[in-house]
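So the chains spell out like this:
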Amino acid sequence: MDGQRGFDFGLWSLIPRPVRRLPADLSAVVLLVLLASLSAVLPVVSETPVRIVFGLPLVLFIPGYALVAALFPEASSEGSVSGEGETLTEGRGTANDGGIDLIERVALSFGLSIAVVPLIGLGLNFTPWGIRLGPILVGLGGFTLAATAVAARRRRDLPVDERFAVPYRTWFKSGYEELRYPDSRLDGALNIALVCSVLLASGSVAFAVAAPMQGESFTEFYLLTEDENGELVADDYPQELSVGESTELTVGIGNQENRQVSYTVVVAMQEVETDGNTTTVRQSRELQRFSPTLADNETWHQPHEITPTTSGTNLRLTYLLYEGDPGEDRSLDSAYRSNYIWINVTR
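Residues numbered from 1 in each chain as written. Predicted model: local features only at pLDDT ≥ 70, side-chain atom pairs only at ≥ 80, totals over all residues. Heavy atoms only, no water.

1. Observations regarding the sheet that holds strand 10 (residues 299–306)
Taken together, the 4 strands give an open sheet; going across it, the order is 4-3-6-10, and neighbouring strands pair in antiparallel fashion. Each edge of the sheet is formed by a strand with only one pairing partner; in this case those strands are strand 4 (232–233) and strand 10. Relative to strand 10, strand 6 (residues 247–256) runs antiparallel, the two sharing 8 bridges. Residue pairing across strands places E248 opposite E305, the latter belonging to strand 10. (Pairing = 2+ DSSP bridges. Helix = DSSP H or I, 4+ residues; strand = E, 2+ residues; numbered from the N terminus.)

2. Remarks on helix 7 (residues 133–156)
The α-helix winds at 3.6 residues per turn, so residues separated by three or four positions along the chain end up facing the same way. Compared with the 34 Å implied by 1.5 Å per residue over 24 residues, the 34 Å span of helix 7 between its first and last C-alpha is a close match. Buried-residue contacts for helix 7 involve helix 3 (24–41), helix 4 (50–60), helix 5 (62–71) and helix 6 (102–125). (Expected span 1.5 Å × (residues − 1). Contact = heavy atoms within 4.5 Å.)

3. Side note on the nonpolar core
Among the nonpolar cores identified, the biggest contains 22 residues, and V251, I253, V265, L317 and Y319 are the most heavily contacted of them. Among the secondary structure elements, those contributing two or more residues to this core are strand 3 (218–226), strand 6, strand 7 (261–275), strand 10, strand 11 (312–323) and strand 12 (337–346). What V251 contacts, discounting residues up to four positions off in sequence, is F221, Y222, L223, V265, F290, W300, H301, Q302, H304 and Y319. Core analysis: the next-biggest nonpolar cluster, separate from the first, contains 17 residues, V29, Y65, V117 and L140 among them. (Core = buried A, V, L, I, M, F, W, Y, C linked by side-chain atoms within 4.5 Å. Buried < 20%, exposed > 50% of the residue type's maximum accessible area, 1.4 Å probe, protein only.)

4. Quick word on the confidence of the model for the protein
Looking at the protein, the pLDDT average stands at 81 and 81% of residues meet or exceed 70. In this model residues 79–96 is a low-confidence stretch, pLDDT under 50, and it forms 49 contacts with partners more than four residues away in sequence or in other chains. (pLDDT = per-residue confidence, 0-100.)

5. A few points about the environment of A70
Take A70: it is sitting in helix 5. Residues A70 and R153 lie 83 residues apart in sequence; the distance between their C-alpha atoms is 8.6 Å. Not counting residues up to four positions away in its chain, the partners in contact with A70 are A147, V150, A151 and R154.

6. Observations regarding the pattern of salt bridges
Per the counting criterion, the structure on display carries 5 salt bridges. Note that R155 is salt-bridged to D25, the shortest N-O span being 2.8 Å. With a gap of 130 residues between them, R155 in helix 7 and D25 in helix 3 connect regions that are remote in the sequence. Of the two residues, R155 and D25, neither departs from the other in class, the shared state being buried. (Salt bridge = Lys/Arg side-chain N within 4 Å of Asp/Glu carboxyl O.)

7. Some points on the packing of aromatic side chains
Under the defined criterion, the tally for this structure stands at 4 aromatic pairs. Arranged with centres 5.0 Å apart and planes meeting at 55°, the rings of F61 and F110 form a pair that is tilted. Of this pair, F61 sits in the loop between helix 4 and helix 5 while F110 sits in helix 6, placing them 49 residues apart in sequence. When its relative accessible area of 41% is taken as the criterion, F110 is described as partly exposed. If you follow R105 out to its NZ or CZ, it ends over the ring of F164, 3.7 Å from the centre. The positively charged end of R337 is found above the aromatic ring belonging to Y336, 4.3 Å away from the centroid. (Phe/Tyr/Trp six-rings, centres within 6.5 Å; stacked < 30°, edge-to-face > 60°. Lys NZ or Arg CZ within 6 Å of the ring centre and 35° of its normal.)

Structure, rendered in structure tokens:
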């Protein structure tokens, strides 16, 4: 008692009383929301598998569990459990008729999460913030914490012997006794095999999350223009220009190589001669060059102006993408990626 009192006046007393009074399962919900949010925004942690470990439950299970807890605060009519996890009544026919058992609660939690999360995303899509990491965390976390608060209030309004609570202490005690005192040697061996199987499965999942298989590696390379609304589109490229007349284009790169890459973009105006399926470059003048370095899954856009200095028909404005320094050989065949448009330049 003295130890508990000393603890209450220590760090435990700094926690708000409503949080201290939360049932164990609702406290775990709040903790998981906080851990998932922190793992998604902290600079170092967000680049590790920890973000996935805490993020998946926040998307697939936690919001639904909080909503189910708010809708069904009472224990199952088959037997209610107290806050200590011990069965107190069997077959109550009063308020407990509205309760659901633990298996139904878990199944509904997954189903409602799958239904609620897209609805939150749809709502965010019609807000000025859009569907981005920050708004998603605020939306999911806010909904989950609000449902948790409602669930805690509704449970407190019920008699103690009618409240739902996860019987974790009973599970732990039963599991410990089963492992420590098996009915026979065969049961003991099966229990050990079960524990080893669980550990092996958990280790396999952890390894899959920590070292996921890399998908196909590639680089996106594209050319964009700006429409009347200021949006970048892959359309309406210039076809007719005059010498000295400028037009603005935007070249874009999307790094999906699963690694950091240093690129070189060479912009050239080429006079070409075509003979059937053969195209020969008669003259090439380099107009601009860019050298971005992109991390994996990073996108880069570079607006720039093109100003022809000589006239010609069917001039090819060519964009060549290289990994690293392209050297002296700059052609469509030697480039990693390439884009071009045809332009007529008049005087």
